[in-house]
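Single-letter residue listing:
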Amino acid sequence: MSVNRQEPHSARIRAVLSAMVAVLAIGGGPAATARAADLEAQAAPYETGPYDWSGAYVGAAASYSWGKDRTTEYVTATGAPRNMFFDYEPKGKSGGIKAGANMQKGSFVFGAEADFELSNLRGTFIDTIENLGRGDDNYDWKASLRGRAGIALDRFMVYGTGGLAAARIRNVYTLVPLRVSEPIEDTRYGWTAGIGVDYALTDNLIAGLEYRYTRFNRYTNVSTVAFPGLSGTQEPSLNDIRITLSYKF
């Protein structure tokens, strides 16, 4: 929703009409004075108010992510831990789309947003204990559905956000001496939270910068090819810096 703006020449129009009121008050009598004053009131422009954040929007997002993941090994049959831990540090870029809507009450802005990004996040660990294994972390995409709440300072808005997160994570385990690899992939779920700032470049175009932390639920992969008889739990988390550009309807 756009806010009405003053026309560039409205101030000059008001000045001319004010002068007419003064002249007519001297020489044109009460009726002429009243008519000129009425014309001046009709020509008065609407007041320019603060930016209104209410409305739906769509946009594009690009992000850089870095995170951590840990494989903890267990014996599949008994669940006994092997006391072996291997850490990944996935990092990479993502890009995609987002959509949402805001409602403003005074200085407070409330809304909801969803995003979906294709990713090239990658991370690797090397087994330096037994010199047998290697693991690879691969993020094919990531997405979220979140609420947002912020404070508007005219065209600036500072907000917090949080909600549900999902990602397609592909773990690849490799028995190095035999070059046997076993990919295991699935959609993983968790939560995400962060803070951000938006700035309205125009009445419709909004630029944003956001930081988010995402924690996915722990899950277990059961190996049947590369390391039969063993299982590994994964504990992935991500940090994201995102830049966005949106069009508000």
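Residues numbered from 1 in each chain as written. Predicted model: local features only at pLDDT ≥ 70, side-chain atom pairs only at ≥ 80, totals over all residues. Heavy atoms only, no water.

A.B. asks: Help me get a handle on the overall build of the chain, residues and values and all.
C.D. replies: Along the backbone of the chain there are two helices and eleven strands. The secondary structure elements of the chain, listed N-terminal to C-terminal, are α-α-β-β-β-β-β-β-β-β-β-β-β. A burial count over the chain gives 40% of its 249 residues as buried. For the chain, restricting intrachain contacts to residue pairs at least 6 apart in sequence, the fraction spanning at least 24 positions comes to 68%. (Helix = DSSP H or I, 4+ residues; strand = E, 2+ residues; numbered from the N terminus. Buried < 20%, exposed > 50% of the residue type's maximum accessible area, 1.4 Å probe, protein only. Contact = heavy atoms within 4.5 Å.)

A.B. asks: Describe the pairing of strand β11 (residues 237–248), with residues and values.
C.D. replies: Both strand β1 (residues 55–75) and β11 contribute to a ladder of twelve bridges, which runs antiparallel. Residue tyrosine 57 lies in a different strand from β11, and its bridge partner there is lysine 248. Where strand β8 (residues 205–216) lies against β11, eleven bridges are found, and the strand directions are antiparallel. Among the inter-strand pairings, alanine 207 is bridged to a residue of β11, identified as leucine 245. (Pairing = 2+ DSSP bridges.)

A.B. asks: Tell me about the side chain of glutamate 73, and please be specific about residues and values.
C.D. replies: Structurally, glutamate 73 can be placed in strand β1. Looking at glutamate 73, its side chain comes within polar contact range of the side chain of arginine 82, at 2.5 Å. Ignoring anything within four residues of it in the chain, the contact list for glutamate 73 reads Pro81, Arg82, Asn83, Met84, Phe86, Leu230 and Ser231. (Polar contact = N/O pair within 3.5 Å; in protein donor to acceptor, adjacent residues only side chain to side chain.)

A.B. asks: Would you mind going over the side chain of glutamine 104 in detail, with residue names and values included?
C.D. replies: Checked against the element boundaries, glutamine 104 lands in strand β3 (residues 91–105). Leave out the neighbours within four places in its chain, and glutamine 104 touches Tyr51, Asp52, Trp53, Ser54, Val109 and Ala152.

A.B. asks: Describe the confidence of the model for the chain, with residues and values.
C.D. replies: Predicted confidence across the chain gives a mean pLDDT of 87, with 81% of residues reaching 70 or more. Note on residues 43–47: pLDDT is under 50 here. Beyond four places in sequence and across chains, it has nine contacts. (pLDDT = per-residue confidence, 0-100.)

A.B. asks: So, a nonpolar patch on the surface: which residues are in play, and what are the values?
C.D. replies: A cluster of nonpolar side chains, namely Val58, Phe108, Phe110, Ile151, Leu153, Phe156, Tyr199, Leu201, Leu205, Leu245, Tyr247 and Phe249, defines an oily patch on the protein surface of about 1,100 Å² accessible area. Mapping valine 58 onto the fold places it in strand β1. (Patch = residues over 30% accessible without salt bridge, like charges linked within 9 Å, V, L, I, M, F, W, Y side chains within 5 Å. Areas by Shrake-Rupley, 256 points an atom, 1.4 Å probe, with all protein chains shown as cover. Salt bridge = Lys/Arg side-chain N within 4 Å of Asp/Glu carboxyl O.)

A.B. asks: Explain the nonpolar core residue by residue, including any values.
C.D. replies: Counting ten residues, the largest nonpolar core is built from Met84, Phe86, Tyr88, Phe125, Tyr173, Leu175, Ile184, Ala226, Phe227 and Leu230. Where this core is concerned, the elements lending two or more residues are β2 (81–88) and β6 (156–175). Beyond its immediate chain neighbours, meaning those up to four positions away, leucine 175 contacts Leu132, Val180, Ala226 and Phe227. (Core = buried A, V, L, I, M, F, W, Y, C linked by side-chain atoms within 4.5 Å.)

A.B. asks: Can you break down the environment of isoleucine 126 residue by residue, with the values?
C.D. replies: With respect to the element layout, isoleucine 126 can be found in strand β4 (residues 108–126). Assessed through its relative accessible area of 51%, isoleucine 126 is described here as exposed. Residues isoleucine 126 and phenylalanine 86, 40 residues apart in the sequence, show an inter-C-alpha distance of 7.6 Å. Setting aside residues up to four positions removed in sequence, isoleucine 126 forms contacts with Phe86, Gly133 and Arg134.

A.B. asks: Explain the packing of aromatic side chains residue by residue, including any values.
C.D. replies: The way to describe two aromatic rings as a pair is by their centre distance and the angle between their planes. Here the structure, examined in full by the defined rule, presents nine aromatic pairs. Members of the aromatic cluster, connected to one another through ring pairs, are Phe86, Tyr88 and Phe125. Its end group placed over the ring of tyrosine 159, arginine 148 keeps NZ or CZ at 4.2 Å from the ring centre. The ring of tyrosine 219 is capped by arginine 188, whose NZ or CZ atom sits 3.6 Å from the centre of that ring. (Phe/Tyr/Trp six-rings, centres within 6.5 Å; stacked < 30°, edge-to-face > 60°. Lys NZ or Arg CZ within 6 Å of the ring centre and 35° of its normal.)

A.B. asks: Would you mind going over the pattern of salt bridges in detail, with residue names and values included?
C.D. replies: Close approach of charged atoms lets side chains of opposite charge pair. Under the defined criterion, the tally for this structure stands at 23 salt bridges. In this structure, the salt-bridge partner of arginine 146 is aspartate 115, at a minimum N-O distance of 2.8 Å. In this pair, arginine 146 sits in strand β5 (residues 133–153) while aspartate 115 sits in strand β4, placing the two residues 31 residues apart along the sequence. In this structure, arginine 146 and aspartate 115 share a single accessibility class: buried. One continuous salt-bridge network, built from bridges that share partners, spans Lys98, Glu113, Asp115, Glu117, Lys142, Arg146, Arg148, Asp198, Glu210, Arg212, Asp240 and Arg242.

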